[in-house]
Amino acid sequence: MVNLRDYAPFTALLIFGNIENLVLASQGAVAHVNPFILGFLSLIAVVAWLLVGTYGTKIAIKYADYIEILGGLAIIILGLQSMLEALGIL
């Protein structure tokens, strides 16, 4: 059985990472990307992250604070890029 307490330090990153997935998927839809290819690639990414998260948590737990900061920064940058592209600035 999965112990959810192991994932507690990554809770914010998991939540905002999922929001970022929705933003990236909407960018793909707006760019008229083939939805089947986009869905297939998204599934591959989700499974890969599931495996990395499942097996890498025990190793990464001591670096949780740094990972959360870098992940949050990446989410902010990608969100800003998405907003700037939506406004036609980029």
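Look above for the structure.
Owing to the predicted nature of the structure, the values given are computational and were not obtained by experimental measurement.

Trainee: When you look at helix H3 (residues 64-86) in this model, what are you seeing that I'm missing?
Mentor: Note on helix geometry: an α-helix contains 3.6 residues per turn, so any two residues three or four positions apart are oriented the same way. Compared with the 33 Å implied by 1.5 Å per residue over 23 residues, the 32 Å span of H3 between its first and last C-alpha is a close match. Taken together, the buried positions of H3 are occupied by Ala 64, Gly 71, Ile 75, Gly 79 and Ser 82. With its phi angle positive at about 80°, Gly 88 sits one or two positions after the end of H3.

Trainee: I tried to follow the environment of Asp 65 on my own but got confused; where do I start?
Mentor: Tracing the backbone through its elements, the reader meets Asp 65 in helix H3. The exposure class assigned to Asp 65 is exposed, which follows from its relative accessible area of 61%. With 20 residues separating them in the primary sequence, Asp 65 and Ala 45 have C-alpha atoms 23 Å apart.

Trainee: Help me understand the environment of Ala 64, please; the structure alone is not making it clear to me.
Mentor: On the secondary structure map, Ala 64 appears in helix H3. For the pair Ala 64 and Tyr 7, spaced 57 residues apart in sequence, the C-alpha to C-alpha distance is 9.7 Å. Residues contacting Ala 64, with those up to four places away along its chain left out, are Pro 9 and Phe 10.

Rules behind the numbers
- Counting from 1, residues in each chain are numbered in the order their sequence is written.
- In keeping with the predicted nature of the model, local features appear solely for residues at pLDDT of at least 70, side-chain atom pairs appear and are counted solely at 80 or more, and the whole-chain, interface and lining totals rest on all residues.
- Processing note: side-chain calculations cover all non-hydrogen atoms of the structure and skip hydrogens and water entirely.
- Strands here are runs of E lasting at least two residues and helices are runs of H or I lasting at least four, both read from the DSSP assignment and numbered beginning at the N terminus.
- In a helix, the anticipated span is given by 1.5 Å times the number of residues less one.
- Remark: exposure states derive from per-residue accessible area (1.4 Å probe, protein chains only) relative to the maximum for the residue type, with buried under 20%, exposed over 50%, and partly exposed in between.
- Any two residues whose heavy atoms approach within 4.5 Å at even a single point are treated as in contact.

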